[in-house]
Structure formats: C-alpha cells, structure tokens
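These are the residues of each chain, in order.
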Amino acid sequence: MIKKETHRLWACILNRAYVLVIILPFFFSCNNNAITSEKLSCSDFSIQNFNPLSNWQKDSMESKTIFIDYNNANSGFIIPTSKQIQEGSFAFQFEIKNNTSSTQNFYYKIYYQNESYKFDEIDALTKRENPLAEENFYGSWENTATTFKKICVPSDNSFHKTNDIFRIIGNPRNDERYIQNGVNNRWQRNPRVGNYSFLLIVVSENNLKTIPTYIQNINQKNNGHFSNPYYYYLNGDGKLLQNMIAYKSASLLKVTAQPNLGGGIYVDDARFNGEEDKSYFCATCGQDSNLYKNAPIQQFINYVDISTKMDNIPVVADILKDNYSKMDYNWNKSFYSKDELIPTIIQTSKRPCETVVSDPKEKKIIIKNPKTQYGEWKKESVGIITRHGLTYGKYRVKVKLTELLNKNNVWNGLTNAIWLITQGGGEWNYRRTCNKEGYMATYWGGHDDKRIPLVDYSEIDFEILKTPPYCPDNVFPPVFKNPIDNNKNVASWNVALPQEITNTDANVTVACTNWDMACWEPKNFGIGCNPIEYKGQTFEAHRWDEAYRALTEKKEETDDELFGSKFYYFEIDWKPTEIIWRIGASPDKMRVVGYMNDKVTSIPNNQMLLIITQEYHNTKWWPGAPYSQDNLPFPLNDIPGEIYDLTIE
Amino acid sequence: MNDQKKRFIVFSIIVFSGFTGAFLFLKKNVPIAETTVATEQPQDTLVTVSLLTEYFDFESSGNASITSEKAFSGKKSSKLSPNLEYGFGVNHLLSDIPSYKNLTSISLAFQCITENMDTSALYVFAINDKTGKNIYWNGVPILSKKKDTWSNDTIHFEIKPEFLIPENSLTLYAWNRNKKIVFIDDLTVNYYGMAEAKTTSQKEATNTNFFFDFETTTGLNGIETIKETTAHSGKFACDLTGNKEYGPSVIKKIKDVSAEPIKKIKLSIWVYPLTDHPNTVITASVTNSKNETVFWGGKSSENNHFPKNQWSKINAAFILPIEKITPEDLLTVNIWNKGKSDVIVDDLEIVYGESAERRGAPSTLDANAIYEKHFITERNKPPFKTIWLQKQEIKNENSTSIVSDKKSETADFSPNDSFLTGNFDKDKSNLDEVLCIKSNRVGMFRYSQEKKEFLNIWESLNRTDSIWNEINSFSSGDFNNDGKSDVLVLNKKNQAWSVIEFDGKKWSVKSKGDKNNLNKSWVSKFETPSLGNSKDVFKSSDFLFPGNYFGERSPEILKLNTDWRFDLKLVEQEKDGYTILGNVDFKGYPNDNNPKYYEFVKIVCGKFLSSNKTSLIVMMRNCADNNFKGTRCNLFESLPELPNSTQVYSIEGGSTN
C-alpha cells in the first residue's frame with residue numbers, strides 16, 4: 001500500500017513538477033521534530049505542523065533570533081547568509097492531508113512580513129484595507145513570478161510533509177522603484193529589523209483562480225498600489241475562500257542588527273571631494289577592498305553651512321580641564337576687540353582616519369575633535385555614519401561621548417548628536433507623499449522655499465547641548481543682561497545669567513527632533529508649544545512657524561549623568577506612526593525623553609543611516625543658548641568620545 | 001595733611017619713580033617701576049558697507065521676461081528678446097532701504113549670455129519723486145565678455161545726496177533698446193552707503209539693564225498699586241487685586257537709554273496669581289511726538305500654566321521697528337492685568353537693546369589663509385600669541401599681605417601705595433628688595449629662597465620728620481655706581497636731594513646737594529621709545545616694565561594699558577623697532593581670580609625670586625568708589641568671587657599658544 005501510493009506521488013511530481021518541493025511520504029504521520037501546532041482544515045484538505053524556520057535554531061521553536069550579517073552586504077542584507085546557514089536559506093515545512101476522495105493538486109505559497117514596524121492591515125476607521133499597509137515589509141520567494149507552487153496530494157487520509165526554502169531579502173516585491181539601469185538595488189529597501197511573521201497559504205485549484213494576480217504575485221499592483229497579502233488572506237476577500245487555509249505561524253523570527261564597531265571604518269572619497277590626505281589610512285580605516293566590502297561604518301563629514309562663519313575669540317583653551325569659568329567667558333565676551341577675532345567656519349577633517357579609530361580588539365570606535373593651536377584656530381566636528389540604510393528600528397547606542405560642561409558648568413561648545421539621516425538617493429528614497437501643501441523642497445532653504453509633494457530628506461535627532469527649552473514659552477527667551485565693557489567695574493561686564501538658566505546650571509538639554517519638512521498633513525500639525533501625552537508623561541513639542549521643517553522637544557538632564565559616567569545609552573525608537581526617544585544607564589533602565597506621533601508630525605518612511613557626532617554648532621541655531629559659540633575658545637586638547645555598541649532591533 | 005595733598009604727593013612719587021626708573025632702564029637696564037609714552041589715539045573712520053543686498057535667481061519670479069530656455073543656475077533666467085523691450089526690474093521707495101540717508105551707490109552684478117558681445121541693452125537706474133515724476137535717469141550698457149557663454153557683468157550707479165528723500169522711489173530695470181536677445185541670471189543688487197567703523201576709542205557703552213523690585217518707586221510711573229504685600233523679593237510688590245487693570249509703567253525716551261537705535265527690548269516679570277487662569281500681560285510700546293503708537297507688543301500669561309499662589313515668570317522679547325522710531329520717541333513698559341483677576345507682580349526687569357558690538361574695526365584676517373593653514377602673522381598686529389605668567393607660591397595664602405604674617409601693616413600691599421625695587425641690601429642671594437611706601441609707614445621686603453616666602457627686612461613709621469615723608473619724591477637706581485641700588489630722595493619744592501643707601505639696618509645718606517648740583521640726568525624726563533615703529537606699539541597711557549622675563553640676557557618690556565581693559569603685552573626691542581611678542585595672561589591663580597579681572601591692579605617688577613629673571617608682584621583689588629577711575633581707590637571691597645590679593649608671577653619656560 002505504501003509502495004503503491006509512493007509510486008503515484010512520484011509520478012505526479014515528475015509530470016507536473018515544481019522543483020524544490022519534496023514530499024516525504026515516509027513521514028506522513030510522523031512528528032519527529034516535536035512540533036506541536038494547530039491543525040487547520042477546510043473541506044478539501046487539512047494543514048498541520050507548519051514550521052517556517054526548520055533549519056534555524058531548531059531547539060527554539062517560539063522565538064528565534066538572527067543577527068544581520070554585515071559582511072559583504074553592500075548589495076543589501078540577506079537573511080540568512082550562507083555564513084549563517086550553509087544553504088543560505090531558511091527551510092520551511094508543513095504537512096497536508098487531502099480530505100477528498102481523490103488525489104488532488106493543491107497550491108501553496110509562503111509570505112513573510114515584518115510585524116514590529118508595520119501599519120495595521122485594517123484601517124481602524126473604514127475597517128477595510130489600510131492603504132498604508134502596502135508600505136509594510138512583506139515578501140515571499142525572491143522570484144516574484146513564482147506565485148503558488150503545486151503539490152499533488154493523494155487521498156489517503158494521511159498527512160504529507162512538504163519542505164521548501166525561502167530567504168528574506170531587500171526589495172522583496174522586486175519593486176521597479178528600486179531597479180535602476182536593470183539592476184535590482186535591493187539595498188535601497190533593506191529588510192527591516194524586528195520580528196517577522198510567516199504566513200503559509202494553501203489553496204485548492206479552484207480557489208486559486210479567484211485569488212487576484214496582485215496577491216499571487218506581490219510584484220503586481222492593484223490600481224497603482226501594492227495590496228498587502230496579509231490583509232487579503234486574513235481579513236479581506238481571501239478569507240472567504242472555502243478551500244484556502246491561511247496558516248500564520250506562531251513562531252516569530254527576531255532580526256537584530258548589531259554591526260561590529262571593530263570591523264573597520266570605510267572612507268568614502270565623495271565625502272572628501274577626492275582630495276583627502278591618506279596618511280592616516282590603516283588596516284581598520286581607509287579604502288581597501290576588505291573595508292569597502294565589510295566595514296559597517298564610515299567616517300562622517302558634517303555638511304558645513306556657510307552660516308557657521310564666526311568671528312571667534314582668539315583664545316585656545318581646554319574648557320573641560322582648565323576650569324574655564326563664567327567670569328572667563330564674560331571677560332572674553334567683553335574685552336576682545338573685533339580686529340583680534342579669528343574669522344573661521346566650523347571645520348571637518350581633511351585627513352580621514354585621523355580623528356576616527358575602529359578598535360577591533362575592544363570592538364569600539366573612538367572619535368575625537370582635534371586640538372588646535374595659535375595660527376591654526378579650528379573647531380573641527382567629528383563623527384561616524386553607518387553604511388547600510390534601514391527603515392524603522394529601535395536604534396540603541398552605548399556611548400561615552402565627551403562631557404559638555406566643566407566644573408563651573410561652562411559649555412565646551414560641542415553638541416553630542418546621535419541621529420538618523422536620509423540615505424539620500426532621490427526618487428527611490430522619497431518619503432510618502434505629503435498630501436497637504438507638500439514638503440518644503442530643501443532642508444536648508446528659507447521660508448520661501450517651494451513646496452513639493454515628495455522629498456527624500458528625513459532626519460531624526462538626538463542633539464545634546466547647552467541651550468534652554470523653548471517650552472513652556474513664558475520663560476522663553478531668557479532675558480540676558482547686556483554687559484558693559486568697563487574694566488573699572490567688575491559687575492558691569494561680569495553679568496550673571498538669568499535665574500531660568502542658572503536653576504539648571506549643571507544640565508544640558510536633550511533635544512529630540514523630527515525633520516518633517518513642514519508637511520501640514522498630520523491632524524494636529526501645530527506651531528509654538530504644543531503638549532503631547534505619552535504613557536502619563538507630557539512632552540512639549542515646539543515648531544517656530546508653519547514653514548519650519550522640524551519639530552523639537554527638549555528635556556533637561558544632568559551632564560554628569562549622561563556624559564560623566566563610564567557610558568550611557570541613547571535610543572531612537574522609530575516606528576511607522578511614532579518616534580520615541582529614550583535614554584538610560586542600561587537597556588533595562590531606559591526612560592522616555594521625547595515622544596511624537598503621526599498626529600503631530602510626518603513620520604519618515606524612507607531609508608536612513610545612523611550618525612554619531614561631536615559637532616560644533618553655530619549657536620544662532622539655538623536661540624536662548626547662554627554661551628555663544630564665537631565666544632568659546634578653540635580646543636587646546638583633543639576631545640574624545642567612544643562608541644561601544646550599536647544595536648538596532 | 002589733607003587728602004588732596006596726600007594724593008598729590010603719592011602721585012608725585014609714582015610719576016617721579018616712573019621717570020627715573022625709565023631713565024635707569026635706558027641707561028643701565030635696571031628695572032623701573034612704571035612709566036608712560038605718548039602716541040596718537042586712534043580715530044573712528046567711515047567705511048563703505050552694503051546697506052541692503054538683494055539676490056534674484058529668477059526661479060520663482062512671475063516677471064514676463066522669465067524663461068526656462070537657458071539658465072546660469074537653476075532652471076530659469078530673465079530673457080530680453082525682440083518681443084520684450086523691458087526686462088526684470090527692481091523698485092523701491094528710498095525709505096524702504098535701511099539707512100537710506102547714507103546711500104551712495106548701487107551695484108548690479110549678474111550673469112549674462114548673448115549672441116553678440118555688444119548687446120546694445122542697458123541697465124537703467126531711474127529716480128522718481130513722490131508724484132512719480134522722473135528726476136534722474138542713467139543707463140549703462142550690459143556687456144557680455146564672451147559670445148554664447150555665460151559671463152559676469154557688473155554695473156555701478158552713483159547716487160547724489162540731493163535725491164535721498166524718503167518719498168522718492170528708485171527703479172532698476174533692463175532696457176532692450178535694440179531688441180536683441182540677452183539672457184540675464186543670478187542678479188545681485190547691492191545698495192552701498194557709508195557707515196562708521198568704530199575703533200577702540202569709541203564711547204563707553206551705557207547701562208541698558210534695569211531692574212525694579214518695587215522696594216522704591218524711583219523710575220516708575222503709576223505707582224499707586226505698589227504696596228507692602230506678598231513679594232517675590234523684598235517686601236513691596238504691585239498689587240493688582242480688586243479689578244485693578246494696570247500696574248506701574250517705565251517710560252523712557254529712546255535717546256535716554258541708547259545713543260543707537262534700539263532694535264529689541266527684553267522684559268521679565270514675576271507673577272503671583274491669587275486665582276486660576278490669570279491673564280497678565282507685560283507690554284512694550286513706542287509713541288512718537290504726535291502721541292501716535294508706532295509699536296505695541298505684549299506677552300500674556302494666558303496660554304501657559306500659572307498656578308495659583310505661586311510665583312511664575314513671564315519673559316518677553318520684542319523686535320522694535322527701528323525705521324519708525326526716532327530718538328525722541330517714548331518707550332513704555334507696562335504691566336497690564338488684562339483678565340482683571342487678582343494677581344500680584346514683582347521684580348520687573350528691562351533690558352534695552354542688545355549687547356553692544358565689540359570695539360574696534362573688523363578683523364582683516366584672511367579666513368582662507370587660516371583654513372588652508374598658511375596664515376602668517378603680521379608684525380605688531382593681532383592676533384598675538386599668549387605668553388603665560390605662572391603664579392608663584394609665596395605662602396601668603398593669597399592675601400593682600402606680601403608676607404605670611406598678616407599683622408604687618410606695611411606688608412599689606414595696596415595699589416594705592418608706591419613702590420621702589422632694587423638690590424638695596426647686598427646679600428648673598430643677590431635678589432631685589434621691594435620697598436613699600438605708604439602714607440604712614442615704609443617697609444622693605446625680600447624673598448627668602450630658603451623659606452620660599454617674602455620677609456620683612458626693614459620697617460619704619462613714616463613720620464613727617466622722616467625722609468620718607470610726602471614732601472619728597474623717590475627713585476631707585478645705582479646713582480653712585482657702587483654696584484648697589486640707592487634711593488634718590490628729591491625735595492619736590494626746593495629740589496634739594498640726597499642719595500641714601502641701606503646698610504643692613506638703616507638707611508643713611510651717602511651724598512646730598514641742592515638744585516644747583518643736582519645731576520639733571522637723574523631726573524630727566526623719560527624719553528619716548530624712539531625707534532621708528534614705537535607709535536604703533538606704545539600708547540601714552542601705557543605703563544612699561546622692562547625686565548628679563550625669560551631669564552635671558554636681552555631684556556623685554558612688559559607694557560600694561562588699562563584704558564579699556566587690562567591689556568598686558570610683552571615687547572621686544574629689535575634693531576628696526578619694537579615687536580610685540582604676545583599678549584600676557586596669568587595662570588595658576590586660585591579659582592577664577594585672574595588678576596586681569598580686578599578693577600584696580602598694580603604691578604611691580606623686579607628680580608625678586610631669581611637674580612637673573614624678572615618677576616611681578618601683582619596687587620589686585622576691587623574698588624567700591626562710585627566713580628572709580630582706575631588711579632586711586634578710597635574704599636576697597638573684597639568680593640567673595642574675587643577676593644583682594646597680592647600675588648607673584650613669573651614666566652615659566654616661555655610657554656605660548
């Protein structure tokens with residue numbers, strides 16, 4: 001009996017073969033990997049023991065984890081790589097039983113979807129498909145033309161096991177948006193981090209015909225839009241199919257990105273105009289092919305805005321170590337004449353790898369704002385940027401960035417920044433259309449900038465510096481007294497800072513900003529100070545005016561806690577409908593310092609990179625700042641910062 | 001002796017010791033106390049600046065000439081064609097241009113491209129009066145340097161002062177008189193005028209910070225609401241209970257708070273609501289001579305949380321329309337209880353205008369040279385390197401006394417005292433002593449290299465019958481060429497003189513005479529440093545302190561000027577003149593008590609710590625006199641954050657940065 005059935009099956013496979021499908025009649029009723037799962041049935045067939053990741057972490061059935069492999073990932077992340085699983089693919093399996101009285105062809109397809117960073121498939125208001133669910137990161141087999149695969153199942157009242165493979169890759173829909181010059185640039189839509197679900201669809205031949213092409217082939221659009229298959233099968237018309245089983249696995253795969261910070265720093269010629277001095281290149285920092293292929297980080301060169309031109313006091317000092325005082329600040333503010341000032345702009349490194357170091361032993365990165373001297377007079381920003389873009393994720397960094405205030409609570413002029421920035425690229429990386437007036441066209445333009453429906457610019461920031469909150473606005477702007485340069489009267493030039501500044505003298509401000517490019521579409525788009533609640537906390541979001549491209553929340557924290565300890569954690573939790581900024585001494589002690597949602601700001605949905613910088617800002621960008629950049633000395637000593645870990649999950 | 005007379009005598013001592021010391025320096029390179037040289041004071045100058053700059057890239061202009069056929073930048077430019085005789089134009093009322101009264105010329109810079117280098121087109125500058133009648137017209141050809149290639153062109157128009165009437169309008173437009181094809185892009189229009197470039201001689205800034213705690217009513221109008229009540233500071237505050245709508249006002253003429261136009265006013269007030277949801281407004285307004293309100297601004301508590309029975313602050317800042325304001329206008333700050341709820345307000349702070357600009361002419365440094373690292377210093381021009389004076393430990397606990405025993409009154413060095421330095425007492429250390437001459441006593445001190453502190457080696461009451469009395473002036477030097485420092489005592493009235501020498505226990509006269517046999521060179525007037533560039537380096541008000549500050553053979557001159565700030569520089573004499581080696585600053589002082597921050601500082605130099613290196617005794621004090629001018633203080637005050645002190649400094653290793 002068994003032999004006869006086997007023969008029939010092989011004939012079926014050979015006649016109507018779909019490769020990669022292996023039916024193992026020997027294990028029809030076996031359960032040798034101890035999967036216990038629900039059995040789902042329809043009139044024609046039953047399904048059980050769907051295991052979407054049968055070759056990965058076999059001992060862990062419910063929750064599995066994989067770290068993104070950054071090696072040779074310039075073409076996009078692949079989950080898993082052949083380094084992680086020899087076959088370079090996940091294997092999945094399920095068992096099917098034919099409930100009819102004759103051998104039947106059934107059809108199956110596997111879908112996966114990122115569940116952590118998705119829009120609900122159902123629109124809460126209309127109860128129909130959420131149009132934004134097309135943005136969800138879902139996929140199936142890489143060849144989107146492979147719609148359903150056929151299996152021929154005998155009517156033997158037994159379960160037959162089916163094995164197949166798939167992997168998670170970028171641009172899983174093979175969307176033309178990410179194909180340029182015939183090349184599918186999968187890196188332009190990298191797999192998201194977070195949890196992935198797996199949906200097995202098995203359908204009878206008759207019902208298959210009723211499944212729309214744009215569901216069977218995820219590359220296809222319906223009325224110009226992709227349609228989310230999860231919605232179709234679980235909530236939409238597909239749910240009504242009599243002989244269709246949508247089997248959503250209970251087990252999830254958690255994808256985490258944790259680039260090795262000791263894995264080297266790549267130097268991009270384009271950032272240095274091709275004129276860089278390469279004398280600091282070394283095995284862990286430079287442009288060799290190994291670094292090009294494998295380094296997860298590259299040196300970041302800040303955009304230097306001409307508005308950073310300053311006439312700086314001609315003083316070189318170590319504010320942090322020399323105990324630079326408020327009186328020093330005040331004297332320097334009053335008693336240098338214009339002709340003594342140094343015209344300067346904020347600088348960036350001209351010698352890549354001089355101020356950034358990747359330490360393979362400690363698996364950390366060290367950055368430093370370089371010291372300067374008489375005649376050189378420079379304030380040089382420093383930073384690093386990731387090389388692989390992602391959309392959404394909880395970005396957590398463990399860092400020991402420079403202290404910003406000295407013992408006298410005088411600011412050293414630096415802004416510690418942990419921020420996400422658009423990966424650029426133009427059309428392929430456009431944000432979602434802004435349907436109300438459009439976005440401001442450029443991030444640097446003024447109020448008269450034209451508005452356009454699509455931009456690729458996005459930015460989400462932690463910027464930490466000495467500046468007062470804008471909200472509540474009854475104490476903004478601080479009322480600073482005007483000093484008088486009378487050296488016969490100390491009180492005339494050594495003016496005290498106002499109480500609203502000195503009350504929080506030891507604090508720095510954690511500014512949390514989303515650059516929404518002034519898109520007016522959010523329901524509660526506002527200007528001035530507007531409160532927003534999150535889990536019992538009220539945050540004050542501030543926007544200067546309706547053309548202002550960024551929304552900012554500020555929270556004051558002690559400099560000693562954030563930058564005086566051995567390390568500290570900063571986290572940007574970027575979700576499709578909200579952004580949460582957290583800080584804390586350890587990952588389990590994070591506290592929220594900023595919160596925004598899509599009701600108040602346009603949350604970006606394009607691909608971004610993470611940057612960590614110690615940068616000099618023109619304080620004209622920060623109204624109310626008690627210390628002005630041009631009145632702070634040039635650095636006498638290097639100002640180091642260390643980055644110990646970056647985890648995106 | 002009355003105070004005036006005392007002051008005169010002390011002053012004479014200072015001046016005389018200065019002159020004599022300088023003389024000795026020139027003659028023998030022996031340190032002197034202090035002196036001055038004469039140079040010219042700098043003056044303010046007029047410079048041409050751009051009063052207004054406009055830029056047109058034509059990307060978003062609605063002018064009929066705009067085309068996207070060609071563009072130098074972006075996608076659009078302005079096109080003159082056979083169908084279009086007049087191109088893009090700019091039109092302004094004179095009064096719309098900031099400081100239009102200073103307008104002297106207009107410059108247009110633009111890119112153009114044409115089929116023929118002689119375009120025959122003009123840029124026209126016209127002025128019309130308030131009726132629209134043209135009163136001036138000038139046209140300058142638009143020239144293209146290259147055919148069929150974008151090239152830049154600049155056109156310049158002068159404006160005569162008689163046209164600078166606010167109602168007049170000016171127009172700039174392209175005239176395609178021969179109807180050729182010309183494209184113009186990236187037009188920049190600069191309106192140039194004269195402005196005063198202030199130099200370091202500019203006037204002192206006046207106080208623009210005002211604080212009213214309502215404990216007194218000076219400077220306030222409408223004071224009936226001020227009474228003793230719950231107060232943020234003191235006992236008095238403004239009580240706006242019982243439907244009272246207005247609190248006190250501060251009314252000032254613009255010219256009374258600033259010689260310059262005030263662009264901004266900053267205000268703050270503390271509010272204590274007695275009910276929920278107060279609506280208290282702090283306002284600023286400007287009224288002109290016709291009693292017309294030309295500006296009004298207010299900031300209310302209404303949209304913020306002001307808890308009941310709690311002090312909360314309102315800050316406000318208003319930008320004032322300077323083009324509408326004259327110095328005679330009244331600027332009024334007022335407290336308005338708009339909600340008429342019960343509220344108390346206190347501690348009104350007003351800051352008129354913004355911080356004064358720094359003094360001096362703008363820096364002429366080449367930012368590119370610094371950026372590209374080929375910056376070269378120019379002799380005697382800032383920025384200068386910094387030379388550090390390191391504080392030396394003398395075990396006086398940073399008190400005003402030069403010795404650790406604070407009981408010695410003579411040792412309590414004050415900037416009001418006179419000092420002589422020299423190697424008066426030949427001992428094995430070969431160090432200089434410092435002689436402190438007070439009005440009522442005199443003492444001599446020397447540093448003990450063994451004990452690492454100054455010791456009092458001689459002291460005397462300065463009785464009127466003593467030679468140290470105020471009839472005489474004093475100077476130090478080796479007047480008898482015996483290798484040891486003496487003191488020349490000169491009677492200010494009759495020029496009788498004596499040279500006295502210290503014998504280890506007392507001062508005794510070694511020679512004396514009258515005005516007939518006074519060696520004139522001893523008291524000759526100090527000669528101004530005579531090398532060619534001395535006027536570039538020295539000012540008449542400088543105090544000079546020659547010495548061997550690096551311990552090397554060739555001496556340097558330390559010069560101090562306190563006209564504006566504590567400005568200490570080290571100068572080197574070279575064959576062709578003087579070179580400023582750098583700004584001199586201090587290191588190692590306690591807390592942030594940098595000597596240069598004190599109101600009254602006196603420096604005495606000498607080889608106090610080492611026989612081959614000059615050190616400074618620095619007396620630093622603050623003065624409580626109301627109108628302290630920097631030369632003598634009647635009442636010293638020791639501020640907690642800046643305690644009075646006497647310290648010793650010397651250069652260590654010639655460190656600079």
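Residues numbered from 1 in each chain as written. Chains lettered and ligands numbered in written order. Predicted model: local features only at pLDDT ≥ 70, side-chain atom pairs only at ≥ 80, totals over all residues.

Visitor: Which residues make up the overall build of chain B, and what values go with them?
Guide: A count of helical and extended segments in chain B gives 5 helices and 37 strands. In chain B, buried positions account for 38% of the 657 residues. Counted over contacts in chain B with a minimum sequence separation of 6, partners at least 24 positions apart contribute 64%. (Helix = DSSP H or I, 4+ residues; strand = E, 2+ residues; numbered from the N terminus. Buried ≥ 20, exposed ≤ 12 C-beta atoms within 10 Å, placed from the backbone. Contact = placed C-beta atoms within 7 Å.)

Visitor: So what's going on with the overall build of chain A? Which residues, and what values?
Guide: Scanning chain A from terminus to terminus reveals 9 helices and 40 strands. Counting only C-alpha atoms, chain A reaches 110 × 55 × 45 Å along its principal axes. Within the span of chain A, comprising 649 residues, buried residues form 50% of the whole. Residue pairs at least 24 apart in sequence account for 80% of intrachain contacts in chain A once pairs closer than 6 positions are excluded.

Visitor: Mind laying out the interface of chain A and chain B, listing which residues take part and the relevant values?
Guide: Residue-level contacts link 43 residues of chain A with 54 residues of chain B. Sorting the residues of the side of chain A that touches chain B by element identifies helix 6 (326–334) and strand 22 (342–344) of chain A as the ones contributing at least two each. In terms of residue class, the side of chain A that touches chain B is made up of 21 nonpolar, 10 polar and 12 charged. (Nonpolar A, V, L, I, M, F, W, Y, C, P; charged D, E, K, R; others polar.)

Visitor: Which residues make up helix 6 of chain A, and what values do they have?
Guide: Residue and element names in this part refer to chain A. With 8 of 9 residues buried, helix 6 lies mostly within the body of the structure. Within the sequence span of helix 6, burial applies to K326, M327, D328, Y329, N330, W331, K333 and S334. For helix 6, the elements touching its buried residues are helix 7 (490–493).

Visitor: How would you sum up unusual backbone geometry? Please name residues and give values.
Guide: With glycine set apart, most residues show a phi of negative sign, and most peptide bonds adopt trans. Residue C471 of chain A is joined to P472 of chain A through a cis peptide bond whose omega torsion reads -5°. As for its placement among the helices and strands, P472 of chain A is situated in the loop between strand 30 (459–465) and helix 7. Residue P383 of chain B is reached from P382 of chain B by a cis peptide bond, and omega for that bond is 0°. Tracing the chain through its elements places P383 of chain B in the loop between helix 3 (367–371) and strand 21 (386–392). Residues other than glycine seldom take positive phi values, yet N323 of chain A does so here, at roughly 60°.

Visitor: Tell me about the sheet that holds strand 24 (residues 441–448) of chain B, and please be specific about residues and values.
Guide: Residue and element names in this part refer to chain B. Ordered by their spatial adjacency, 4 strands build an open sheet running 22-23-24-25, and the pairing between neighbours is antiparallel. Two strands in the sheet have a free side with no partner beyond their single neighbour: strand 22 (418–422) and strand 25 (453–461). Averaged over neighbouring strand pairs, the angle between their axes works out to 20° when direction is ignored. In this sheet, strand 23 (residues 433–437) lies alongside strand 22 in antiparallel orientation, the contact comprising 5 bridges. (Pairing = 2+ DSSP bridges. Axes fitted to C-alpha atoms, helices over the stretch in contact; angles between N-to-C directions.)

Visitor: Residues and numbers for the domain arrangement of chain A, please.
Guide: A common way to state how big an interface is: give the accessible area lost once the parts meet. Residue and element names in this part refer to chain A. What the domain assignment lists for chain A is domain 1 (2–256) and domain 2 (302–648). Placing the centre of domain 1 and that of domain 2 at their C-alpha centroids yields a distance of 45 Å. Of the residues contributing to the side of domain 1 that touches domain 2, the split by class is 8 nonpolar, 4 polar and 5 charged. (Domains from an automatic or database assignment.)

Visitor: Before we move on, can you summarise the nonpolar core with the specific residues and values?
Guide: L200, I201, V202 and F462 of chain A together with I617 of chain B are the most contacted members of the largest nonpolar core, which has 219 residues in total. The dominant element in this core, judged by the number of residues it contributes, is strand 14 (residues 194–204) of chain A, at 7 residues. Sequence-distant contacts of F462 of chain A, defined by excluding residues within four places in its chain, comprise A417, I418, W419, V510, C512, F570, I572 and W581 of chain A. Judged by nonpolar contacts, the second largest core, of 36 residues, contains F306, F318, V343 and I350 of chain B. (Core = buried A, V, L, I, M, F, W, Y, C linked by C-beta atoms within 7 Å.)

Visitor: Tell me about the sheet that holds strand 14 (residues 246–253) of chain B, and name the residues and values.
Guide: Residues and elements named next belong to chain B. Sheet architecture is open: 4 strands sit in the order 14-19-16-17, paired in antiparallel fashion. At either margin of the open sheet sits one strand with a lone partner, and together these are strand 14 and strand 17 (293–300). Shown here is a sheet whose adjacent strand axes are inclined to one another by a mean of 15°, direction ignored. Pairing geometry for strand 16 (residues 280–287) and strand 17, over 7 bridges, is antiparallel. Bridged to A284 within strand 17 is G297.

Visitor: Please set out the confidence of the model for chain B residue by residue, giving values where relevant.
Guide: Interpretation of this model should avoid reading the predicted coordinates in detail wherever pLDDT is low. All names here are of chain B. Model confidence for chain B is summarised by a mean pLDDT of 85, while 87% of its residues fall at 70 or above. Under a pLDDT of 50 for its full length, residues 1–45 has, in the predicted model, 104 contacts with residues more than four places off or in other chains. pLDDT under 50 marks residues 197–202. Its contacts with residues more than four places away, or in other chains, come to 22 contacts. Interface confidence for the predicted complex, expressed as ipTM, amounts to 0.87; the pTM equals 0.83. (pLDDT = per-residue confidence, 0-100.)

Visitor: Tell me about the environment of Q104 of chain A, residues and numbers included.
Guide: All names here are of chain A. Relative to the assigned elements, Q104 resides in strand 7 (residues 104–114). Taking the C-beta count within 10 Å as the criterion, Q104 has 19 such neighbours and is therefore assigned partly exposed. In this structure the C-alpha to C-alpha distance between Q104 and I151, which are 47 residues apart in sequence, comes to 8.2 Å. The residues contacting Q104, other than those within four sequence positions of it, are D44, N98 and V153.

Visitor: How would you explain the environment of Y439 of chain A if you had to name every residue and give the values?
Guide: Residue and element names in this part refer to chain A. With respect to the element layout, Y439 can be found in strand 28 (residues 439–440). Note on Y439: 29 C-beta atoms within 10 Å, which makes it buried. Spatially, the C-alpha atoms of Y439 and F198 are 36 Å apart, while their sequence positions differ by 241 residues. Apart from residues no more than four positions distant in its own chain, Y439 is found in contact with C434, R451, I452, V455, M517, A518 and C519.

Visitor: Which residues make up the pairing of strand 32 (residues 528–534) of chain A, and what values go with them?
Guide: Residue and element names in this part refer to chain A. Sheet topology places strand 32 next to strand 33 (residues 537–543); 7 bridges connect them, and they run antiparallel. Note that in strand 33 the partner of Y534 across the bridge is Q537. The turn linking strand 32 back onto strand 33 is made up of 2 residues, and K535 within it adopts a positive phi angle of 45°.

Visitor: Let's hear about the environment of E158 of chain B: which residues, and what values?
Guide: Along the polypeptide, E158 of chain B turns up in strand 8 (residues 151–158). Sequence spacing of E158 of chain B and S107 of chain B is 51 residues, and the spatial spacing of their C-alpha atoms is 8.7 Å.

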